[in-house]
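Here's the letter readout for the chains.
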Amino acid sequence: MRYKTILLFGAPGAGKGTQGKILGTIPGFFHCACGDVFRNLRIDHPMGRLFIEYASKGQLVPDEPTINLWSKNIEAATMHGAFNPERDWLVLDGIPRNQHQVEMLRDTLDVRALFFLTCSDMDKMVERLQRRALRENRLDDANLDVIRQRLEVYEIESKSVIGCYEKSLVHHIDSTNPPLTVLREILEIVAHLNAVAATA
Ligand code: ADP
């Protein structure tokens, strides 16, 4: 079956992780951040080493191992009961990240909405990332060159991903606003989607 899915999309530091985590606490919603799946790997595991090799340079991990790891993670969450595909919404953040990943997940994801978080204030984003580097010990947030590289990779990839989905599914959200305002906007749309899904 294809998973009923909400995609969170936005530049590093735009706040998709914050919103995803909150949505994931609502019963009937399962949040999966691809970056967290990578960060939870042991660094002496080949996949953990592959992740560090790419993430430390601000680059994306190659698509095949990424999708493979992500699928295994979702299957494990399903087996453990954390995610119930029949009942739950899947809230994804950080995946699919380019056009090829969209294609690879075409038969797996039934995308009902894509929230595109935009933050025009570049200084604010860099500041959020540097604060996170200290708090969460993230090697890819600590260095300004790596941050810039990730923002560049994001610019290129984001346009191609957004273009893969019907315009009516894409919701632009201004994430320069405080998290509560952003959350309220997202929840209004999600509540509507949920009501529609319940009557289908
Ligand atoms: P951010 O959105 O702040 O860049 P993430 O936690 O989403 O942070 O990603 C951190 C790193 O993990 C990325 O720079 C990349 O190396 C790797 N990564 C995460 N998701 C993917 C993905 N879907 N495809 C390839 N690499 C990924």
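Residues numbered from 1 in each chain as written. Predicted model: local features only at pLDDT ≥ 70, side-chain atom pairs only at ≥ 80, totals over all residues. Heavy atoms only, no water.

Asks: Quick rundown of the pattern of salt bridges? Include the residues and the values.
Replies: Taken as a whole and assessed by the stated rule, the structure comprises 6 salt bridges. D36 is the partner of R39 in a salt bridge, and the nearest nitrogen-oxygen pair spans 2.9 Å. Within this pair, R39 and its partner D36 are both found in helix α2 (residues 34-39), separated by 3 residues, close to a single helical turn. By relative accessible area, which is 31% here, R39 ends up partly exposed. Since its relative accessible area comes to 31%, D36 is described here as partly exposed. Note that D44 is salt-bridged to R42, the shortest N-O span being 2.8 Å. (Salt bridge = Lys/Arg side-chain N within 4 Å of Asp/Glu carboxyl O. Helix = DSSP H or I, 4+ residues; strand = E, 2+ residues; numbered from the N terminus. Buried < 20%, exposed > 50% of the residue type's maximum accessible area, 1.4 Å probe, protein only.)

Asks: Could you give an account of the nonpolar core, with specific residues and numbers?
Replies: Ranked by size, the top nonpolar core spans 57 residues in total, and within it W70, L90, F115 and I186 carry the most contacts. Top contributing element to this core by residue count: strand β4 (residues 109-118), with 7 residues. Ignoring any residue separated from it by four or fewer positions in sequence, one finds I186 in contact with L8, Q19, L23, F115, L117 and I173. (Core = buried A, V, L, I, M, F, W, Y, C linked by side-chain atoms within 4.5 Å. Contact = heavy atoms within 4.5 Å.)

Asks: I'd like to hear about the packing of helix α6 (residues 122-136) against helix α8 (residues 144-162), residue by residue, with values.
Replies: Running from N to C, α6 and α8 point in directions that differ by 125 degrees, and their axes come no closer than 11 Å. In terms of their interaxial angle, α6 and α8 are classed as oblique. Every pair of crossing elements has a handedness; the one defined by α6 and α8 is right-handed. Between α6 and α8, the residues in contact are M122, M125, V126, L129, Q130 and R132 and L144, I147, R150 and L151, respectively. (Axes fitted to C-alpha atoms, helices over the stretch in contact; angles between N-to-C directions. Parallel < 35°, antiparallel > 145°, perpendicular 65-115°, else oblique. Left-handed = near helix turned anticlockwise from the far one by under 90°.)

Asks: Provide a residue-level description of the site of the ligand, including the pertinent values.
Replies: Taken together, 20 residues lie around the ligand, and K16, Q59, G94, R132 and R150 are the ones closest in. The separation between an oxygen atom of the ligand and a polar side-chain atom of R97 is 2.9 Å. Take R150: an N or O atom from its side chain is 2.7 Å from an oxygen atom of the ligand. A total of 540 Å² of accessible area belongs to the ligand in isolation, and the protein chains cover 97% of it. (Near = heavy atom within 4 Å. Polar contact = N/O pair within 3.5 Å; in protein donor to acceptor, adjacent residues only side chain to side chain. Areas by Shrake-Rupley, 256 points an atom, 1.4 Å probe, with all protein chains shown as cover.)

Function cannot be inferred from these measures alone, as they are strictly geometric.
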